Structures are given as structure tokens and as C-alpha cells.
Amino acid sequence: MPNSFEQRHLLANNPVRPSLNACLSVVVVALSVVPLGLFVFSLTGRYFFVAELANNFRCQIMCLLIPFALILLLLRRWRLALLFGIATAWSMIGIVWVFLPGLQPPRGSPTIKIMSANVYASNPTPQLAVQRILEDDPDLVMLIEFANDWEQVMQPLHDRYPFRVLEPRWHGFGIGLFSKIPLEETKIHQLAGSVVDCPMIITHLKLGQQKICVAGLHTLSPTNPIRMELRNQQLVESARILQTINEPTIVMGDFNCTPWSPFLSDFIETTGFRDSRQGFGFQATWHRDFGIFKIPIDHAFVSDGIFVHHRSVGAAIGSDHLPIMLEISARQLPNQ
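Residues numbered from 1 in each chain as written. Predicted model: local features only at pLDDT ≥ 70, side-chain atom pairs only at ≥ 80, totals over all residues. Heavy atoms only, no water.

Draft legend 1. Representation of the pattern of salt bridges within the structure. Considering all chains together, one arrives at eleven salt bridges under this definition. The closest approach of N and O atoms between arginine 169 and glutamate 167, which form a salt bridge, is 3.1 Å. Neither arginine 169 nor glutamate 167 differs from the other in exposure class; each is buried. Residue lysine 211 pairs with glutamate 185 through a salt bridge whose shortest N-O separation is 2.3 Å. Highlighted residues: lysine 211 in strand S7 (residues 210-218) and glutamate 185 in strand S5 (residues 184-190), separated in sequence by 26 residues. (Salt bridge = Lys/Arg side-chain N within 4 Å of Asp/Glu carboxyl O. Buried < 20%, exposed > 50% of the residue type's maximum accessible area, 1.4 Å probe, protein only. Helix = DSSP H or I, 4+ residues; strand = E, 2+ residues; numbered from the N terminus.)

The structure is reproduced here in C-alpha cells:
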């Protein structure tokens, strides 16, 4: 039987602790394959349907990468920690910029308040949407998923919003615009019109002395590869249409993709528009009940000459989407 000196000698040279560290390191490395693999796979969204869907959750993937990077640092797995750090930094570039200050709007310019909301065609509490609009009292309301029965639901708005462009659809991909301000030169475009019925509204109004363009659209939800391809076609067509407009422009609606989608990036590059979220934060809108897993798929993009004074996500309206609220102004004509 070993004496006390021998026991102390055995404990000092016991390999259990190094083995535990080694096992922990192996487990962490094995688990780290999941977030890192998701991140790398999401970058191939231009080529793979599922990868583009995964790309919508860029922020959530980043939040998985960060703790693994820290743990790998503590375990002194330097190369893997560096790899995770690079992946985290890459993810952050596409996320943190919306928290940085945007263009400063000129003082004294007249502003209008806008609401854009996917009301959900089968909304079980449509009167809640009407109540929210009346309470928030925007000057302009763009309603997505404006189904046929929503015309009757929105009757209480007619006195307050005498100028309207209504394109209801039985299948739910209709769109409606309610305005306190007169609307001019309104046009309806069908996006991927040879295949689907998704109207895009383009109209004009006066903001101060400056004429501006207001556009609203709803692209197909990418529930399968064919619908995603049609959604991408709609993004291309809408970008081409918006390119031809000379006035300062705001386009809003349910784009059914996040800013990290390569196809929405193409839309932004083609139009030259800015994301109105800059300076106002992440502002996720769907799904209302997803908590930290909500993603921003409802957007408002603005061209040069449009300034965003305020942007926020509104209160629930019974839809699976939350509305977005904006206050904008326009660069006034030089002679004004």
C-alpha cells in the first residue's frame, strides 16, 4: 500500500486533468463545426435555395460564432479561434452598420409620417390593424397582403385618407395605399406578370415643394426553389422600373428576404438606394412571435434626396409581421 509521499507523487502526475481538458477541447471543436458550417454554407445563397434561407439568420449565426470564438481562445486553439474571429467579423460588417449614424436630414424641411405593414390576408383581428393606423395617424399607409375583404375592413379610414390606390387580390398578394396627400401619376406594374399576380404601386406626391415618388411591392415568399426564382425575378424587374424614376423615391413593402440576401444586395446596387434602417438599428419584423429569431424582411429603401428622420418597428396589428414606421423629408428644389 503506497505511503502518503507516494500518494502525493501519484496525484501530482495524475493525467486525469489534462485528459479532461483534451476531451473538452475535442467536444468544443466538434460542436463548433455547426455554427461555422452554417456561416460558410450561408455564403453560398446565390447558388443554393436552402443556403439563401439560412443567410436570413446571419445575426443569429453570428451570435453562435462569438461564444465559440471566446471558448476556443480560452482553450488556446489559436488557429480555430482566429478562424471564428474572421467569420464573426465578416458577419458583423453586414449587421453593425445599421447602428451607425445615417445622413443628417436638413433642418426645417417638411416631413411626412409613413406606415408600411403586411397586415396578413387571414388576420384574425383586422380591426386591430385599423385601430393602430388611427392611433398612429401616419400621413401615408402602405398595406401589404391587401385581400378583397380588406376593402370593407378599411372603410373607417376613408374619411381620414381621401386619396387611395387599392389593388386587392383574393389570393392575398394585393396592395393598398391610403394617403392624406393627393396622389398623382399612379401606375400599377405586374412583377413577373406572365406567371404570378403581384401588383407594384408607383405613385407621386408633393412633399413641400418637391415632388417625390412612392412605391410599394410584395414579392413572393421563397417557400421552394421555384418561388425563390420568381421572387428574384421580381426584385430584378422592380429595380429596373425604379431606375427610370427621376424624382426622389421611397420604396417599401414585404421583400421576403433580409439585407444579407445576395439578390436583395443586387436590388440595392442596381437602384443605388439606401436602407432606411441605417442609424436606427436592426429592426426585425418577422415572425412577430419569433423573439430573438425575428428577421428584417419588411423594408423601406430611399434614393438620394430622401432623408430619414425617424424609423421604428410598430406595435402588433394581428399579423405575423410587425409594421415599420418612418418619418421622411425630401431635399427641396434649389429655387425654393
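So, next bit.
Draft legend 2. Representation of unusual backbone geometry. Residue histidine 287 is bonded to the preceding tryptophan 286 through a cis peptide linkage, with omega at -10°. By secondary structure assignment, the location of histidine 287 is in the loop between strand S9 (274-275) and strand S10 (298-302). Of note, glutamine 283 is a non-glycine position whose phi angle comes to about 55°, a positive value. For glutamine 283, the location among the structural elements is in the loop between S9 and S10.

Draft legend 3. Region of interest: the sheet that holds S7. Spatially, S5-S6-S7-S8-S10-S9 is the arrangement adopted by the six strands of the open sheet, whose pairing is mixed. What marks the edges here is a single partner per strand, and that holds for S5 and S9. Of the strand pairs in this sheet, strand S6 (residues 199-207) and S7 are connected by seven bridges, and their pairing is antiparallel. Paired with histidine 204 across the bridge in S7 is cysteine 213. The strands that helix H8 (residues 225-243) touches are S5, S6, S7 and strand S8 (249-254); relative to S6, the one it contacts most, it runs at about 25°. (Pairing = 2+ DSSP bridges. Contact = heavy atoms within 4.5 Å. Axes fitted to C-alpha atoms, helices over the stretch in contact; angles between N-to-C directions.)

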